Amino acid sequence: MAAKQVTRVPIVKASVYQASDDPTRLIPDDSYGHFGEIIKPKYDPKIWSDMLAQSSRLSRSIRVVARNTVGLGHFYVPCRCEDDLTAAEREQFKREADDLELLFDAPNDEQSLAELMECVKIDEEATGDGWLEIVRDRRAKIAALYHAPAPTMRVGIRKTPVGNLLFVQVRAGGTRIRFFRPFGDSSIVDPATGREAKLAPELRASEILHFRIYAPDDDYYGSPRWVSASPAIQAARLAAHWNGNFLRNSAHVPHAIIVEGGNLSAESRKLVTELIDREGKGIPNAGRMLVLEPELEQVPAAARAAIRIRLEKLSVGIPDDGSFLKLTSASNEEVREVLGTAKIMLGTFDDANKSNAVIALRITIQQEIEPDIRRIEHRLNRTIVRDLGAK
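Scoring rules and cut-offs
- Residues numbered from 1 in each chain as written.
- Predicted model: local features only at pLDDT ≥ 70, side-chain atom pairs only at ≥ 80, totals over all residues.
- Heavy atoms only, no water.
- pLDDT = per-residue confidence, 0-100.
- Contact = heavy atoms within 4.5 Å.
- Core = buried A, V, L, I, M, F, W, Y, C linked by side-chain atoms within 4.5 Å.
- Buried < 20%, exposed > 50% of the residue type's maximum accessible area, 1.4 Å probe, protein only.
- Helix = DSSP H or I, 4+ residues; strand = E, 2+ residues; numbered from the N terminus.
- Axes fitted to C-alpha atoms, helices over the stretch in contact; angles between N-to-C directions.
- Parallel < 35°, antiparallel > 145°, perpendicular 65-115°, else oblique.
- Left-handed = near helix turned anticlockwise from the far one by under 90°.
- Nonpolar A, V, L, I, M, F, W, Y, C, P; charged D, E, K, R; others polar.
- Phe/Tyr/Trp six-rings, centres within 6.5 Å; stacked < 30°, edge-to-face > 60°.
- Lys NZ or Arg CZ within 6 Å of the ring centre and 35° of its normal.

S.K.: Whenever I open this one, the confidence of the model for the chain confuses me. Can you help?
M.R.: Low-confidence regions, as indicated by low pLDDT, have predicted coordinates that should not be scrutinised in detail. In this model, the chain carries a mean pLDDT of 78, and residues with pLDDT of at least 70 account for 70%. Here residues 4-19 scores under 50 on pLDDT; set against residues more than four positions off or in separate chains, the count is 66 contacts. Low confidence marks residues 21-34, where pLDDT is under 50. Its contacts with residues over four positions away, or in another chain, come to 32 contacts.

Set out below in structure tokens:
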């Protein structure tokens with residue numbers, strides 16, 4: 001009786017993005033050892049991954065999705081109801097679960113399975129593609145699992161009659177190239193050249209399990225779910241930079257000084273000039289007081305009582321502070337909406353009551369989290385679990 005690995009279900013710089021205009025989307029084979037062709041992604045995954053550093057809501061939402069999908073641990077269940085198993089089948093299930101745990105308990109020296117899969121899932125949500133490396137020992141048995149960073153990975157096509165796929169990792173500006181086989185590919189490939197060669201199992205190119213969010217317009221790569229929200233994210237980021245630069249550098253005079261029935265004294269005019277030229281911008285100079293005095297010597301004594309100094313507010317050209325908050329709020333809401341995450345999962349409640357929050361959380365789990373868990377479980381059970389001998 002096969003053991004099946006499942007995951008827990010939880011209870012609870014702006015850039016311009018332009019699709020590749022190359023209809024073939026092929027990088028010449030001269031670039032990487034004449035192994036074949038590398039398929040260029042429609043969008044640069046490095047740009048997508050950089051967006052996590054530009055939007056706190058996007059970063060938070062993606063990490064919450066990843067944590068609740070694959071980061072809450074795993075356990076094993078038999079493929080049939082445990083009550084229907086014979087004693088022999090129960091023993092077989094226990095042996096298979098123990099064998100699986102040898103790998104899944106410590107897939108590599110640095111990460112647990114939950115942490116490893118969380119990295120893969122973050123990449124998948126951020127760039128549309130997640131990459132899991134499978135390493136085999138000299139007996140050709142799976143010995144370790146690693147995360148391959150999405151910005152470095154590409155899909156390639158080998159020069160064979162059927163055009164077999166091959167995965168390529170490009171680092172250090174293209175000076176470090178490493179090749180991988182798709183999981184289950186029995187060909188023997190040199191990891192340095194991408195060519196077939198006679199090598200011991202531990203020296204062969206390791207395998208890649210490619211997770212991707214389906215993109216109807218791309219046969220090779222996935223697409224992030226939040227692509228449609230990228231303009232809103234960029235707008236909010238630009239607004240934040242503009243607002244920050246305004247606070248640091250703006251020398252805009254918020255008021256006009258109007259003197260009625262007289263003139264400012266020479267000392268007052270000097271103070272105003274200095275304030276604007278040297279001290280009229282920057283956060284440390286915010287809220288400074290300015291004392292203005294009229295010139296009395298040239299004004300008759302009887303007219304002095306009529307002298308008035310007033311400040312007229314200048315608002316033309318000054319954006320309303322609330323507009324930045326509204327833009328940020330709208331951007332955050334669009335990101336949350338496109339990723340399908342309930343506000344309560346992000347730690348924000350606003351004015352929602354407990355009943356509404358619970359319903360929203362349940363909908364998110366049923367419509368977004370659980371289907372994704374089932375998809376990833378199916379992929380792992382049909383590949384790595386089965387390869388380890390669980391039937």
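Moving on from the model shown.
S.K.: Help me understand the nonpolar core, please; the structure alone is not making it clear to me.
M.R.: Nonpolar side chains in soluble globular proteins tend to be buried together. Phe104, Leu132, Leu145 and Ile384 are the most contacted members of the largest nonpolar core, which totals 24 residues. At five residues, helix α3 (residues 87-104) tops the list of elements feeding residues into this core. In terms of nonpolar packing, the next biggest core, distinct from the first, is built from 13 residues, Trp48, Ala126, Trp226 and Ala229 among them.

S.K.: Teacher, can you tell me more about the environment of Glu337 here?
M.R.: Within the fold, Glu337 resides in helix α7 (residues 321-339). We classify Glu337 as exposed; its relative accessible area is 55%. Through-space distance from the C-alpha of Glu337 to that of Trp226 is 9.1 Å; in sequence the pair is 111 residues apart.

S.K.: Looking at this structure, I do not really get the packing of helix α2 (residues 56-70) against helix α4 (residues 113-127). What am I missing?
M.R.: Packed helices, taken two at a time, are described by the angle between their axes plus the distance between the axes. The N-to-C vectors of α2 and α4 enclose an angle of 135 degrees; their axes lie 9 Å apart at closest approach. Looking at the two axes, α2 sits oblique to α4. In the crossing of α2 with α4, the sense of the turn from one axis to the other is right-handed. Contacts from Ile62, Arg63, Val65, Ala66, Arg67, Thr69 and Val70 in α2 reach Ala114, Met117, Glu118, Lys121, Ile122, Glu125 and Ala126 in α4. Looking at the contact of α2 with α4, its residues break down into eight nonpolar, one polar and five charged.

S.K.: Please clarify how the packing of aromatic side chains should be interpreted in this entry.
M.R.: Geometrically, a pair of aromatic rings is defined through the distance of the ring centres and the angle of the planes. Following the criterion strictly, the structure yields four aromatic pairs and no others. Taking 5.2 Å as the distance between ring centres and 55 degrees as the angle between the ring planes, the aromatic pair formed by Tyr43 and Trp48 counts as tilted. Classification of Tyr43 as partly exposed rests on a relative accessible area of 26%. Overall, Trp48 belongs to the buried group, its relative accessible area being 3%. Taking the centre distance of 5.3 Å and the plane angle of 75 degrees together, the rings of Trp131 and Phe167 count as edge-to-face. Of this pair, Trp131 sits in strand β5 (residues 129-136) while Phe167 sits in strand β8 (residues 165-171), and the two are 36 residues apart along the sequence. Overall, Phe167 belongs to the buried group, its relative accessible area being 5%. What links up through ring pairs into an aromatic cluster is the set Tyr43, Trp48 and Trp226. Stacked on the ring of Phe211, the Lys or Arg Arg379 has its end atom at 5.3 Å from the ring centre.

S.K.: Sorry if this is basic, but what is going on with unusual backbone geometry here?
M.R.: Backbone geometry follows two general trends: most residues other than glycine have a negative phi, and most peptide bonds adopt the trans configuration. Phi at Ala140 takes a positive value of approximately 65 degrees, unusual for a residue other than glycine. Mapped onto the secondary structure, Ala140 falls in the loop between β5 and β6 (142-147).

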